[in-house]
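# Reading the structure
Here is how the chains run, residue by residue.
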Amino acid sequence: MRLFFNQFITSQSLCLCCQYQKSAKNGFCLACYQDLPHLRNPCLYCGQPLLEQQICACKPEDSPFMACLSAFEYQFPINKLINQYKEQSRLALCDSFAQSIAAQIDQQKQALPELLIPVPLSDDKLRQRGFNQSVELAKALSRILNIPVDYQSLRTKGQTKSQKQLNQKQRLALSADQFTLNQNIHYKHIAIIDDVITTGTTVKTIAYLLREHGVTHLQAWSIAKTSHQQKYDKKP
């Protein structure tokens, strides 16, 4: 019994990735933390991972964001950990993800917004999963950064369809009329919170909707960003 108790206590501080070494930074052991696919040089407008000294091909005038920031590239093991977070309800990962996003915001020297708005799920998806991964992420970021969260204003219209395996044009057509605001927004600087930014269609759609309602400064924050070379394998 004593051995079981000691093992239980020890397990509470084990690395979220290898689950063998003790955690040391943002829930990970030092070896795993160093091996994570940190997004060190993002394009601030589209969030695309760039090589050092590389210039992004995107046009700043086509982006609604003053900053589009992700903590990691959507690669192993982060892609597997995000899947565990969403599909296996491994909520212990949420605080670690939020800490990593907050560190990226600080690293990129971005001004903090006045409000956080998470990407909503359809009612069917919410019942199926039991929680909204973006809402939980926004709650954790709120605690870390002391920024309020608006869970109510942004809603989905009807049932959102999976965007898995869709290209950017197909995602744009699917997202164009997917969201609505059910009340006025009185803040001017808002960050949209999502778990993974793939093509950016979802967060851009929400950003343009917020701009129509008077929001002037917008950011998008996520755990991970896919590169242009990766397949569109993110689940909603």
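A brief look at the structure comes next.

The rules we used
- Residues numbered from 1 in each chain as written.
- Predicted model: local features only at pLDDT ≥ 70, side-chain atom pairs only at ≥ 80, totals over all residues.
- Heavy atoms only, no water.
- Salt bridge = Lys/Arg side-chain N within 4 Å of Asp/Glu carboxyl O.
- Helix = DSSP H or I, 4+ residues; strand = E, 2+ residues; numbered from the N terminus.
- Buried < 20%, exposed > 50% of the residue type's maximum accessible area, 1.4 Å probe, protein only.
- Pairing = 2+ DSSP bridges.
- Axes fitted to C-alpha atoms, helices over the stretch in contact; angles between N-to-C directions.
- Polar contact = N/O pair within 3.5 Å; in protein donor to acceptor, adjacent residues only side chain to side chain.
- Contact = heavy atoms within 4.5 Å.
- Expected span 1.5 Å × (residues − 1).
- Phe/Tyr/Trp six-rings, centres within 6.5 Å; stacked < 30°, edge-to-face > 60°.

### Here's the deal with the pattern of salt bridges
A complete count under the given rule lists 5 salt bridges for this structure. Arg129 is paired through a salt bridge with Glu87; the nearest N and O atoms lie 2.9 Å apart. Placement of Arg129 in helix α5 (residues 123-129) and of Glu87 in helix α3 (residues 78-87) is noted, with a sequence separation of 42 residues between them.

### A word on the pairing of strand β1 (residues 67-73)
Burial of β1 is extensive: 6 of the 7 residues sit out of reach of the surface. In this structure, β1 lies alongside strand β6 (residues 217-225), joined through 6 bridges in parallel fashion. Residue Glu73 lies in a different strand from β6, and its bridge partner there is Lys225.

### A short note on the sheet that holds β6
A sheet is described by the order of its strands in space; here 4 strands give the open sequence β1-β6-β5-β2, paired in parallel fashion. In this open sheet, the two edge strands, each paired with only one partner strand, are β1 and β2 (115-118). For this sheet the average axis-to-axis angle between neighbouring strands, irrespective of direction, equals 20 degrees. As paired elements, strand β5 (residues 189-197) and β6 share 8 bridges and run parallel to each other. Within β6, the residue paired with Val196 across the bridge is Ala224.

### Some remarks on the side chain of Ser122
As for its placement among the helices and strands, Ser122 is situated in the loop between β2 and α5. You can call Ser122 buried: its relative accessible area is 2%. At 3.2 Å, the side chain of Ser122 forms a polar contact with the backbone nitrogen of Lys125.

### Some thoughts on the side chain of Ser63
By the secondary structure assignment, Ser63 is in the loop between α2 (30-35) and β1. Among all residues touching Ser63, those that are not within four sequence positions of it are Tyr45 and Arg211.

### Observations concerning helix α4 (residues 93-107)
Taking 1.5 Å of rise per residue, the 15 residues of α4 would be expected to cover 21 Å, and the 21 Å separating its terminal C-alpha atoms lies within 8% of that figure. Within α4, the full set of buried residues consists of Leu93, Cys94, Ser96, Phe97, Ala98, Ser100, Ile101, Ala102, Gln104 and Ile105. Buried residues along α4 sit in contact with β1, α3, α6 (133-145) and β6. Lys109 occupies a position one or two residues after α4 and carries a positive phi of about 55 degrees.

### Thoughts on the packing of aromatic side chains
Enumeration over the complete set of coordinates arrives at 2 aromatic pairs. Considering the side-chain rings of Tyr85 and Phe97, the 5.7 Å spacing of their centres and the 75 degrees angle between planes classify their relative orientation as edge-to-face. Taken together, the residues Tyr85 in helix α3 and Phe97 in helix α4 connect sequence positions 12 residues apart. Note on Phe97: relative accessible area 0%, which makes it buried.

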